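# Structure assessment
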Amino acid sequence: MQTLAVDIASTFVDDAAALLSGFGRALLRVVMAPIDRIANACDIAGVLAGRRATFRMWRTTRRSRHERRRFSVLGRLNPFRHLAHLT
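Residues numbered from 1 in each chain as written. Predicted model: local features only at pLDDT ≥ 70, side-chain atom pairs only at ≥ 80, totals over all residues. Heavy atoms only, no water.

## Brief notes about the overall build of the chain
A count of helices and strands for the chain gives three helices and zero strands. N-terminal to C-terminal, the α/β element order of the chain is α-α-α. A buried classification covers 9% of the 87 residues belonging to the chain. Within the chain, residue pairs in contact and separated by at least 24 positions form 75% of the contacts whose partners lie at least 6 positions apart. Surface accessibility of the chain: about 7600 Å² in total, with carbon and sulfur atoms responsible for 65%. (Helix = DSSP H or I, 4+ residues; strand = E, 2+ residues; numbered from the N terminus. Buried < 20%, exposed > 50% of the residue type's maximum accessible area, 1.4 Å probe, protein only. Contact = heavy atoms within 4.5 Å. Areas by Shrake-Rupley, 256 points an atom, 1.4 Å probe, with all protein chains shown as cover.)

## Side note on helix α1 (residues 4–42)
The terminal C-alpha atoms of α1, which comprises 39 residues, lie 54 Å apart, in line with the 57 Å expected from a rise of 1.5 Å per residue. Largest kink in α1: about 50 degrees, centred on Met32, with the proline Pro34 one to four residues after it. (Expected span 1.5 Å × (residues − 1). Bend = angle between axes of the 7 residues up to and from the residue.)

## Details of the confidence of the model for the chain
Summarising the model, the chain shows a mean pLDDT of 78, and 69% of its residues fall at 70 or more. Ranking the helices and strands of the chain by mean pLDDT puts α1 first, with 88, and helix α3 (residues 73–76) last, with 60. (pLDDT = per-residue confidence, 0-100.)

## Brief notes about a positive patch on the surface
Residues Arg25, Arg29, Arg56 and Arg59 make up a contiguous surface patch of positive charge. Of note, Arg29 is situated in helix α1. Among the residues examined, Arg29 registers a relative accessible area of 66% and is labelled exposed. (Patch = residues over 30% accessible without salt bridge, like charges linked within 9 Å, V, L, I, M, F, W, Y side chains within 5 Å. Salt bridge = Lys/Arg side-chain N within 4 Å of Asp/Glu carboxyl O. Lys, Arg positive; Asp, Glu negative; His and termini not counted. Charge placed at Lys NZ, Arg CZ, Asp CG, Glu CD.)

Okay, structure coming up:
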């Protein structure tokens, strides 16, 4: 049986990880805004819009399958993760 202190500590660690992840996403969105605008302007065939829709659908099905997500700094903060299919 876990004690109250262990419960509080694990909740604090989970909340801190979520907070850092949120700040990282916000910072990345600000930094990547010019590159995203250029990519959207150059996307004539609508490849990026289709890719984003497919990614969103895949992500929602993945979340429903997995109860808890792992925190990956390299995966979440990679600025070019959505542009890999363009190479």
